[in-house]
Amino acid sequence: MASSHAGVTMFSFVMYLLAIADTVLFVWTVRQWREFRHPVLGVLAFLILALPYDTVLVGAGHWIGAGDLLARLSGPRFTLFALSVPLILIITASLARLAGFRWAEPRWFMGAVCLVAMGFLILSWRQILFFPALYPACWADTVRYVPSVMPGQVCTPGQAGVGLPGTLPVSAILALPSMVVLGAALWWRRRWPWLFAGTLAGLTFLGLPPSAVGPIPGFFGDALNMLALVATAVHFLRHPDARVPRNSE
């Protein structure tokens, strides 16, 4: 790690604060699942459980230091990511049913979505079963391992992994747009703007260039996306009358 970052700890501390917020979100999601016992909240709790691990690990990277230990601890982050993206399709379909959209009510619809998600999981089997090649990335006082290092985040001159093409699970082609489209539909048909707002804000943070702003906005964007999904599920479970459309569909 570059010596100019050695005495700085502010951004690592921010990651710890974000980890606390992620833990609160996880606990709240579990409490909502215990109240409603709806499967979508159980799936969301499983996905949210990865957030505190992610943020704590990035916060602790400064003290662990670049090396085999941090690389091994970082591997599960990318396995969970490859597993989570196809599950977003199932979550989105479940939220559409909770909101009372007629096109999402038939059992065959949910079955078809589950089959598509399973197909994407099968296509991503390598990313799920095997850790990718990871390389150290340094920004301010944070140290983490990633599949591709931005040129401005190298830890040592001439290190490997710089400028490699980034990869997303193929399921992201459907999963991410589906959240935005459902969020817009909920805003228009159910007067619930928060899934659209949370998803758009989350994707905006995720899309900020890490070379300029570092990794923290991306982790904040993940938390916003999950919060928007959980809040939407809880809203329509707690207020069934909110499912009634303003206009016939």
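Per-chain numbering applies: the sequence of each chain, read as written, is numbered from 1 onward. Per-residue local features of the predicted model are confined to residues with pLDDT of at least 70, and side-chain atom pairs are confined, for both listing and counting, to 80 or more; whole-chain, interface and lining totals are unaffected and use all residues. Note that the side-chain values use all heavy atoms of the structure and ignore hydrogens as well as water.

**Section: a nonpolar patch on the surface**
No. 1: What goes into a patch is any residue over 30% in relative accessible area without a salt bridge, connected to like charges within 9 Å or, for nonpolar side chains (Val, Leu, Ile, Met, Phe, Trp, Tyr), within 5 Å. Reported accessibility uses the Shrake-Rupley method at a 1.4 Å probe radius. Residues are deemed covered only where the shown protein chains occlude them. In what follows, salt bridge is the name for a side-chain nitrogen of Lys or Arg lying within 4 Å of a carboxyl oxygen of Asp or Glu. Taken together, the side chains of Phe13, Leu17, Ile20 and Val24 make up a nonpolar region of the molecular surface, amounting to roughly 410 Å² of accessible area.
No. 2: Position of Leu17 among the secondary structure elements: in helix H1 (residues 10-36). The secondary structure listing takes helices from DSSP runs of H or I that are at least 4 residues long and strands from runs of E that are at least 2 residues long, numbered from the N terminus.

**Structural notes on the packing of aromatic side chains**
Remark: the centre distance and the inter-plane angle together describe each pair of aromatic rings, the angle taken between the planes.
No. 1: Here the aromatic set is Phe, Tyr and Trp, taking the six-membered ring for Trp, and pairing holds for ring centres within 6.5 Å; pairs whose planes are under 30 degrees apart are stacked, those over 60 apart are edge-to-face, and all others are tilted. Here the structure, examined in full by the defined rule, presents nine aromatic pairs.
No. 2: Between Trp187 and Phe196, the aromatic rings sit 5.5 Å apart at their centres with planes inclined by 40 degrees, giving tilted as the arrangement.
No. 3: Burial classes: relative accessible area under 20% of the type maximum marks a residue as buried, over 50% as exposed, and values in between as partly exposed (1.4 Å probe, protein chains only). Among the residues examined, Trp187 registers a relative accessible area of 47% and is labelled partly exposed.
No. 4: For Arg37, the ring lying beneath its charged end belongs to Trp33, and the centroid distance is 4.3 Å. A ring is scored as having a charge over it whenever the NZ atom of a lysine or the CZ atom of an arginine sits within 6 Å of its centre and within 35 degrees of its normal.

**Overview of the packing of helix H3 (residues 50-64) against helix H10 (residues 216-238)**
No. 1: Here an angle of 0 to 180 degrees is reported between the N-to-C directions of two axes, which are lines fitted to C-alpha atoms, with helices fitted over the stretch in contact. Packing of H3 against H10 brings their axes to within 11 Å, and their N-to-C directions diverge by 165 degrees. Judged on the interaxial angle alone, H10 and H3 are roughly antiparallel. For H3 against H10, the interelement crossing comes out left-handed. Here Leu51, Asp54, Thr55 and Val58 of H3 come into contact with H10, specifically with Phe219, Asp222, Ala223 and Met226. In these notes the angle categories are as follows: under 35 degrees is roughly parallel, over 145 is roughly antiparallel, 65 to 115 is roughly perpendicular, and the rest is oblique. The sense of a crossing depends on the near helix, which, turned anticlockwise from the far helix by less than a right angle, makes the crossing left-handed and, turned clockwise, makes it right-handed. Pairs of residues are marked as contacts when any of their non-hydrogen atoms sit within 4.5 Å.

**Structural notes on the state of the cysteines**
In protein structure, a disulfide is the covalent linkage between the sulfur atoms of two cysteines.
No. 1: The disulfide criterion used throughout: a pair of cysteine sulfur atoms within 2.5 Å. All chains considered together, the criterion is met by one disulfide.
No. 2: Two residues share a disulfide in this structure: Cys138 and Cys155, whose sulfurs sit 1.9 Å from each other. The S-S bond linking Cys138 to Cys155 shows a torsion near 105 degrees; that makes this disulfide right-handed. On the criterion of sequence distance, the pair formed by Cys138 in strand S1 (residues 135-139) and Cys155 in the loop between strand S2 (142-146) and helix H7 (172-190) is long-range, its members being 17 residues apart. Each of the two residues, Cys138 as well as Cys155, counts as buried.

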